[in-house]
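Examination of the molecular architecture
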Amino acid sequence: MRSTGVPAREAGWKQVPALARFVGARMLPLAVFLVLVVGSSAPLASLVLGRRALDERARATAGEVAGWIRGEVQQRPGLWRYDTAKVVGHLRAYAVGEDVDTIVVVDDRGTPLELGGEIERARLLAAPLRWAAADVFVGAERVGAVWVAVSEQRIRRDALLLLLLFGTLGVGLAALMFGIPLRAAGAAELRIRDLVARLERSRSELEALNRDLEARVEARSGELRRTYERLRAQERHLRELSGHALALQEQERRSIARDLHDSVGQALTAIRLHLQLIGERSTDGELARIADRSLRLVDEALEEIRRTVQNLGPAILDDVGLVEALRRYCDDFAERTGIPVHHRVDEPAEPVPGGIESACYRILQEALTNVARHAAPSAVEVRFEAPAERIRLSVRDDGRGFDPRRGESEGHGLAGIRERVELLGGTLSIESGPDAGCTLRVELPRPTGRVPGPARDAGAYDDGT
Amino acid sequence: MPRPARVPSPERSTPVALWSAIVAASLGLAALAAWAALGFDRGPRPAFLDPPAEGGRPTAVVPKTDPGLLELAGSGSNLPLTRALAEAYMAGRPGARVVVHESIGSTGGVLATLDGLVDVGLVSRPVREDERARGVHVVPYARVAVVFAAHPSVPDTVLAPATVLALYGGESTAWPDGSAVRVLLRESGDSGHAAVARVLPQFTEVTERAYREGRWPVLYQDLAMQQALLTTPGALGVFDRGAIRAQNLPLKVLALAGTEREPAKDLAFVTAGPPAPEAARFMDFVASPAGRALTERLGYVPIGSGA
């Protein structure tokens, strides 16, 4: 435990806030220096200037007395030395400033002309005196000199007084200089700490708010995700329903077509044969004409049935299957239009639902019809593949091409293809440009499961029968 | 758990450089303070403060070399009378040669006599015991009245003691006619001031204060006082009545009223031991009836052995 060995002063210092300690550690030497500078500058200046003044006073006094001595020497050569005592004595007592300690007149040998006895050598040596001298010349002859001693006692006393005053002032200023920043730093640190604490609290609150917000966003996102999934499922369900409806429709059309073909067509064919026999064997001309007219009416009806059957559903799908139907249609198209068709139709990995089969067949019909009408290509390439997940059909020509943004609106038959594809939940992409040919790609999803309701009961959507 | 990075603690980062700079500056300041306080620039020191050389201090005094010449020097108060006496002495004795030098003061006269530079010293104050102890022989020969002399323009003729103190103390600065008072002081210890102080003790205090305050000019010789009194309107100073009468000076003497006696001082000859024959002859003349008559005629009172 540090507290057991730490002196009380250090322990007290440790209680000072860190910023205040930091400031204090740097302000303390400056404060000490301030005390020294403020406390000593004025006394030192006073001493130096006072000494200069003393020196000047000593020189002036010496010069003044030397001038008087010169007059005495001129008046009384030889005896002048005996008259200096009273003048110098009076000057010492009254006529010089308080700092002048003594005036000593010496002859040309430097011997003091002390008429009252020996000079106080010991006192003069011990006293804090400053000396200045002025020579006494009569003509070119140096007859003596005047030495003036000034005492430093007064200026030392003044300097000590200034030291006391300015030392006190320096201590006060240093205390202010040291204390004010220290207190300010302490107060600032307390405020900073308070601010930091408030920031910490704000941050905690913000974090809590953030967590709550994230939770809300997560919940909302989950809700949206679930809604989206539900919508996706509904959309998928609707698509499958539409696909199923399309399959049912296709199945129904094919059924009707088959019925027309098998029953009505067979019956009409039989009727035609009978009418043909009636016309050939009848001797009655009128009957023969009626039979012939009936025969033409039957042919027209058969032709009408054939077109209806053709419109109701491509019977070839039922006859040869999707792959062969696509190949034959490509071959028939090439033969009919003279445009070479290179096709590659792969066997599906899994059986293709009947609705999608019809859609693929009709899309190919529509696409090649468009090619024949608008593209004027030199060749066409058809590609069909049906792996497990998707069914892809593409038709590419090297014809004149068109602007895809205007193609659907200008009646290129693309609107019907898109409608058919979207009903099955697929995608249609068209890549074309002027003189750049055209590539049409259709991608249809395979249904993911059985559709509840009527579609399940129909069962034809999956097996295509 | 990873150890956190060590952050330098503010309180541990002691400002060593700052302390070093402060200590260096403080030492410089202390050196400057010591230089200033101890006065290392005290300047030149006179050689006479050195211990005296073996055999004592050499003297610069050159003793007189003309044994036939009687030389006298000393107080300026003695000069007018002594010069008159010397002239009378030489007039009655062809071949006798007497020189009375300019004033060097009573103390100077004593010391010049002791140094052998003059034969006879002239003093206008009592000889001190230390001077007597050095073998000074004193021969009083006259007494002279000390008066307040003034420039002829001064209207007053009598001064009361209070007026004297007021004039010298600066309380009264104008004469009755409105002209300015210009007091002329002699130096401290002057025999004339001392004579006045003996009858008017407060005079010492007043003059001391005037010295300290530098209120009035100070003159160091009788001749300077005489010339200043003659040339300065409104001037007032202590002077010898005998000097005024002996020289017929046009100065106004203001009588000091209200004191028991008139200020006066005795004039004396001093010699280093018994006077030499020539000096003794001169002193004998001074003390003779002729000398005393001359002394009295010049305004002095003869004193001494012949009186």
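Residues numbered from 1 in each chain as written. Chains lettered and ligands numbered in written order. Predicted model: local features only at pLDDT ≥ 70, side-chain atom pairs only at ≥ 80, totals over all residues. Heavy atoms only, no water.

Let us now look at helix H7 (residues 202–213) of chain B. All names here are of chain B. Between its terminal C-alpha atoms H7 stretches 17 Å, which fits the 16 Å expected from 12 residues at 1.5 Å a residue. Turning to H7, its buried residues are Phe 203, Val 206, Thr 207, Ala 210 and Tyr 211. Each buried residue of H7 lies within a common arc of 140° when the element is viewed along its axis, so the set occupies one face. For H7, the exposed residues set more than 90 degrees away from the buried face come down to Glu 205 and Arg 212. (Helix = DSSP H or I, 4+ residues; strand = E, 2+ residues; numbered from the N terminus. Expected span 1.5 Å × (residues − 1). Buried < 20%, exposed > 50% of the residue type's maximum accessible area, 1.4 Å probe, protein only. Arc of directions from axis to C-beta.)

What follows deals with the packing of helix H2 (residues 79–92) of chain B against helix H10 (residues 277–287) of chain B. All names here are of chain B. At a minimum axis distance of 10 Å, the contact between H2 and H10 shows a crossing angle of 105°. In terms of their interaxial angle, H2 and H10 are classed as roughly perpendicular. Taking contact as the criterion, the partners of Thr 82, Leu 85, Ala 86, Ala 88 and Tyr 89 in H2 are, on H10, Glu 278, Arg 281, Phe 282, Phe 285 and Val 286. For the contact of H2 with H10, the residue count by class is seven nonpolar, one polar and two charged. (Axes fitted to C-alpha atoms, helices over the stretch in contact; angles between N-to-C directions. Parallel < 35°, antiparallel > 145°, perpendicular 65-115°, else oblique. Contact = heavy atoms within 4.5 Å. Nonpolar A, V, L, I, M, F, W, Y, C, P; charged D, E, K, R; others polar.)

Once that is clear, we can look at the sheet that holds strand S8 (residues 438–445) of chain A. All names here are of chain A. Ordered in space as S4-S5-S6-S8-S7, the five strands form an open sheet in which the pairing is mixed. Each edge of the sheet is formed by a strand with only one pairing partner; in this case those strands are strand S4 (341–345) and strand S7 (427–432). Going from strand to strand, the sheet's axes swing by 10° on average, the running direction of each strand aside. The pairing of S7 with S8 spans six bridges and is classified as antiparallel. (Pairing = 2+ DSSP bridges.)

Moving on: the pattern of salt bridges. This structure, assessed with the given rule, holds 42 salt bridges over all chains. In this structure, Arg 123 of chain A and Asp 101 of chain A form a salt bridge, with 2.7 Å as the shortest nitrogen-oxygen distance. Taken together, the residues span a long stretch of sequence, with Arg 123 of chain A in helix H5 (residues 121–126) and Asp 101 of chain A in strand S1 (residues 100–107) at a distance of 22 residues. The exposure class assigned to Arg 123 of chain A is partly exposed, which follows from its relative accessible area of 33%. The partner of Glu 171 of chain B in a salt bridge is Arg 209 of chain B, and the shortest N-O contact between them spans 3.7 Å. In this pair, Glu 171 of chain B sits in the loop between helix H5 (161–169) and strand S6 (182–186) while Arg 209 of chain B sits in helix H7, placing the two residues 38 residues apart along the sequence. For Arg 209 of chain B, a relative accessible area of 24% corresponds to the partly exposed category. (Salt bridge = Lys/Arg side-chain N within 4 Å of Asp/Glu carboxyl O.)

In this fold, Ala 247 of chain A is placed in helix H6 (residues 153–281). With 177 residues separating them in the primary sequence, Ala 247 of chain A and Leu 424 of chain A have C-alpha atoms 9.9 Å apart.

Once that is clear, we can look at the packing of aromatic side chains. Residue and element names in this part refer to chain B. As enumerated under the stated definition, the model contains 12 aromatic pairs over all chains in all. For the ring pair Tyr 89 and Phe 282, a centre distance of 5.2 Å and an interplane angle of 85° mean the geometry is edge-to-face. Separated by 193 residues along the polypeptide, Tyr 89 in helix H2 and Phe 282 in helix H10 bring together distant segments of the chain. The same class applies to Tyr 89 as to Phe 282, namely buried. Judged by centre distance (3.8 Å) and plane angle (5°), the ring pair of Tyr 141 and Phe 269 falls under stacked. On the criterion of sequence distance, the pair formed by Tyr 141 in strand S4 (residues 136–150) and Phe 269 in strand S10 (residues 264–272) is long-range, its members being 128 residues apart. Comparing Tyr 141 with Phe 269, the two get one shared label, buried. By way of ring pairs, the aromatic residues Tyr 89, Tyr 141, Phe 269, Phe 282 and Phe 285 are connected into one cluster. (Phe/Tyr/Trp six-rings, centres within 6.5 Å; stacked < 30°, edge-to-face > 60°.)

A few words on the nonpolar core. Residue and element names in this part refer to chain A. Ranked by size, the top nonpolar core spans 41 residues in total, and within it Leu 364, Val 382 and Phe 384 carry the most contacts. Tallying contributions element by element places helix H10 (residues 354–375) first for this core, with 10 residues. When sequence neighbours within four positions are dropped, the list of residues in contact with Phe 384 reads Leu 322, Leu 326, Arg 344, Val 345, Asp 346, Pro 348, Cys 360, Ile 391, Arg 392 and Leu 393. (Core = buried A, V, L, I, M, F, W, Y, C linked by side-chain atoms within 4.5 Å.)

One widely used convention gives an interface's size as the accessible area the parts lose upon coming together. Contacts between chain B and chain A engage 52 residues on the former and 51 residues on the latter. Both faces combined, the contact of chain B with chain A buries some 4600 Å², and carbon together with sulfur accounts for 63% of it. Summed over the shared surface of chain B and chain A, the number is zero salt bridges. At the junction of chain B and chain A, the tally comes to two residue pairs in polar contact (both at pLDDT 80 or more). If you list the elements that add at least two residues to the side of chain B that touches chain A, you get helix H1 (16–38), helix H3 (105–115) and H7 of chain B. At 12 residues, the largest contribution of residues to the side of chain B that touches chain A is made by H1 of chain B. Residues of the side of chain B that touches chain A, tallied by class, amount to 30 nonpolar, 10 polar and 12 charged. (Buried area = accessible area lost by both parts, 1.4 Å probe. Polar contact = N/O pair within 3.5 Å; in protein donor to acceptor, adjacent residues only side chain to side chain.)

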